[in-house]
Amino acid sequence: MTLHIDTDPARLDRERIYRYLSEQSYWARQLPRDIFERSLAHSLCFGAYAADGEQIGFARVITDYATFGYLADVFVVEAWRGQGVSKQLMAAIDAHPSLQNLRRMLLATVDAHGLYAQFGFGALSRPERLMERLDAEVYQRLAADAGNVA
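Here goes a summary of the coordinates provided. What you see is a predicted model; the values in this text were computed from it and never measured.

1. A word on the overall build of the protein
Part 1 of the reasoning: If you tally the helices and strands in the protein, you get five helices and five strands.
Part 2 of the reasoning: In the protein, the succession of α and β elements from N to C terminus is β-α-α-β-β-β-α-β-α-α.
Part 3 of the reasoning: Expected size for 150 residues packed as a compact globule is a radius of gyration near 15 Å; at 16 Å, the protein falls within 12% of this value.
Part 4 of the reasoning: Across the 150 residues that make up the protein, the buried fraction comes to 34%.
Part 5 of the reasoning: For the protein, the exposed surface amounts to about 9500 Å²; the carbon and sulfur share of it is 51%.

2. Looking at the nonpolar core
Part 1 of the reasoning: Ranked by size, the top nonpolar core spans 36 residues in total, and within it L21, L71, M90, I93 and Y116 carry the most contacts.
Part 2 of the reasoning: At the level of secondary structure, the elements contributing two or more residues to this core comprise α1 (14–24), α2 (33–41), β2 (44–50), β3 (55–63), β4 (68–76), α3 (85–95) and α4 (113–117).
Part 3 of the reasoning: If one sorts the elements of this core by residue count, β2 sits on top with six residues.
Part 4 of the reasoning: In contact with M90, not counting residues within four places along its chain, are L71, L115, Y116, F119 and F121.

3. What to know about a nonpolar patch on the surface
Part 1 of the reasoning: The grouping of Y26, W27 and V110 at the surface amounts to a nonpolar patch, some 310 Å² of accessible area in total.
Part 2 of the reasoning: Within the fold, Y26 resides in the loop between α1 and α2.

4. Looking at the packing of aromatic side chains
Part 1 of the reasoning: Across all of its chains, the model carries six aromatic pairs by this definition.
Part 2 of the reasoning: Taken together, the ring pairs connect Y20, Y26, W27, F58 and F75 into an aromatic cluster.
Part 3 of the reasoning: The ring of Y49 is capped by R11, whose NZ or CZ atom sits 3.8 Å from the centre of that ring.
Part 4 of the reasoning: Its guanidinium or amino end placed over the ring of Y18, R33 lies 4.7 Å from that ring's centre, counting from NZ or CZ.

5. Details of the side chain of R60
Part 1 of the reasoning: The topology assignment puts R60 in strand β3.
Part 2 of the reasoning: With a relative accessible area of 11%, R60 lands in the buried category.
Part 3 of the reasoning: Polar side-chain contacts of R60 include one of 2.7 Å to the side chain of S43.
Part 4 of the reasoning: With residues up to four places along the chain from it excluded, the contact list for R60 reads S39, S43, L44, C45, Y70, L71, A72 and D73.

What counts, and where the lines are drawn
- Residues numbered from 1 in each chain as written.
- Predicted model: local features only at pLDDT ≥ 70, side-chain atom pairs only at ≥ 80, totals over all residues.
- Heavy atoms only, no water.
- Helix = DSSP H or I, 4+ residues; strand = E, 2+ residues; numbered from the N terminus.
- Rg over C-alpha atoms; globule rule 2.2 N^0.38 Å.
- Buried < 20%, exposed > 50% of the residue type's maximum accessible area, 1.4 Å probe, protein only.
- Areas by Shrake-Rupley, 256 points an atom, 1.4 Å probe, with all protein chains shown as cover.
- Core = buried A, V, L, I, M, F, W, Y, C linked by side-chain atoms within 4.5 Å.
- Contact = heavy atoms within 4.5 Å.
- Patch = residues over 30% accessible without salt bridge, like charges linked within 9 Å, V, L, I, M, F, W, Y side chains within 5 Å.
- Salt bridge = Lys/Arg side-chain N within 4 Å of Asp/Glu carboxyl O.
- Phe/Tyr/Trp six-rings, centres within 6.5 Å; stacked < 30°, edge-to-face > 60°.
- Lys NZ or Arg CZ within 6 Å of the ring centre and 35° of its normal.
- Polar contact = N/O pair within 3.5 Å; in protein donor to acceptor, adjacent residues only side chain to side chain.

Encoded structure:
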C-alpha cells in the first residue's frame, strides 16, 4: 500500500481531524474548535495520507524536543483500519529526527496497548512518581456554557 506520512501542517485536513476528535473519539468528545486549533499549533503533528492525498490517519506529539514527549490523538479512519496504517504512523513518529533521545515519552490508551508495545511503550516503570489532574468533563462543560451565552 502506498502511504505518505509527514509533518507538514499545511497538508492536514483540519476538518476531518476535528470531526473525528470531537464527534467520534472516546477521549475528546465535544472538543471546542479553538482548543483543537491551539492543540495543533503547539504540537508536532503527523498526517498519514493515501496515494490520492486523502488524509487517513493522524497523531500529534506534545514535546519540548529535548527530554519529554506525550503522544496524543492517534487515529486511523475506519475504512483504513487493519491495513497497517497505525504501524506505519508509529514508525514515522519513532524515527522522526526531532524526537530522538527523549528521556520519557508517555501516552494514554484504552485499547491499543499491543500496537504501542511494538514501539517500546509499556506500563509505567514507577507509577507512584506520576500524578495527574484530570478534568474529564471539561469539553462538555465548555459546550454547555457556550450554549448558555445570550
